[in-house]
Amino acid sequence: GEVAWLARAEAKEGHKTELVFAFAGHGDVDDAGEGYVLFADGAFTRRDLESHVLGTSTADVNHLVIDACSSYFMVPRGGPATGESARVPLTPKLLDVLAAPGLSAETRARTGVLVSTSRAAEVHESSELRAGVFSFLVRSALAGAADSDGDGRVEYAEAAAFVAAASAGADD
């Protein structure tokens, strides 16, 4: 509620607003196919994310970055979820992964997503990096390593391509 209030106040003054929901931690998918991440006080589900964060956001742009096992299932995508989902291809349609009945088309159009898995899968940490591998790669991408066209901006497609290329040789 406080974030929505601040965004409305900024918009009232003519400022553009962006909401960043970033999570790095533990996650899973329940037997019904709904993803969740674990907060200190319990599970935070995909429905919680839709109703309490994305669905109520008045920001001009929403950014969703999740580094957790089975993070794929935190992103609404329509149709029944299964544990054997196909990999998400790196195409312009990657930006439309929020195409689910729970969110309005307007909310989907202003929300970008980067998640660490493309199916029910585990993610890994590196003692050498002292971080989660996906989180490290996203930070590297946003620091400019993914700016393939040199325009000073990192677009979602650039970040996704960078993370895919940088992790392509990983054994696990």
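Residues numbered from 1 in each chain as written. Predicted model: local features only at pLDDT ≥ 70, side-chain atom pairs only at ≥ 80, totals over all residues. Heavy atoms only, no water.

Draft legend 1. Quick peek at the packing of aromatic side chains. Across all of its chains, the model carries 4 aromatic pairs by this definition. Where phenylalanine 21 meets phenylalanine 44, the ring centres are 5.9 Å apart and the plane angle is 20 degrees; that geometry is what we call stacked. Taken together, the positions of phenylalanine 21 in strand β1 (residues 18-24) and phenylalanine 44 in strand β4 (residues 42-45) put the pair 23 residues apart, joining distant regions of the chain. Relative accessible area serves as the criterion here: at 11%, phenylalanine 44 is assigned to the buried category. Put simply, the rings of Phe21, Phe23, Phe39 and Phe44 pair up and form one aromatic cluster. (Phe/Tyr/Trp six-rings, centres within 6.5 Å; stacked < 30°, edge-to-face > 60°. Helix = DSSP H or I, 4+ residues; strand = E, 2+ residues; numbered from the N terminus. Buried < 20%, exposed > 50% of the residue type's maximum accessible area, 1.4 Å probe, protein only.)

Draft legend 2. The arrangement of the nonpolar core in detail. Judged by nonpolar contacts, the single largest core of 16 residues is most densely connected at Phe21, Val37, Phe44, Leu49, Val53, Leu64 and Ile66. Among the elements of the structure, β1, α2 (46-54) and β5 (61-67) are those that each provide at least two residues to this core. Other than its neighbours up to four places away in sequence, leucine 64 contacts Phe21, Leu49, Leu54, Val75, Gly112, Val113, Leu114 and Tyr156. Among the nonpolar cores identified, the runner-up in size contains 11 residues, and Leu114, Ala159, Ala160 and Val163 belong to it. (Core = buried A, V, L, I, M, F, W, Y, C linked by side-chain atoms within 4.5 Å. Contact = heavy atoms within 4.5 Å.)

Draft legend 3. Region of interest: the sheet that holds β1. The 3 strands lie next to each other as β1-β5-β6, forming an open sheet whose pairing is parallel. Among the strands making up the open sheet, the edge pair consists of β1 and β6 (111-115). The sheet shows a mean angle of 5 degrees between the axes of neighbouring strands, direction not considered. Note that β5 and β6 share 5 bridges and pair parallel. Counted as the bridge partner of asparagine 62 is threonine 111 from β6. Sheet contacts for helix α4 (residues 133-145): β1, β5 and β6; angle to β5, the most-contacted strand, approximately 145 degrees. (Pairing = 2+ DSSP bridges. Axes fitted to C-alpha atoms, helices over the stretch in contact; angles between N-to-C directions.)

Draft legend 4. Geometry of the sheet that holds β4. The strand order across the open sheet built from 3 strands is β2-β3-β4, with neighbouring strands paired in antiparallel fashion. A single partner strand is all that each edge strand has here, and the edge strands are β2 (27-29) and β4. Strand-to-strand twist in this sheet, taken as the mean axis angle between neighbours without regard to direction, amounts to 35 degrees. By the bridge criterion, 4 bridges tie strand β3 (residues 35-39) to β4 in an arrangement that is antiparallel. Bridged to leucine 38 within β4 is alanine 43. Seen against the sheet, α2 touches β3 and β4 and runs at an angle of roughly 70 degrees to β4.

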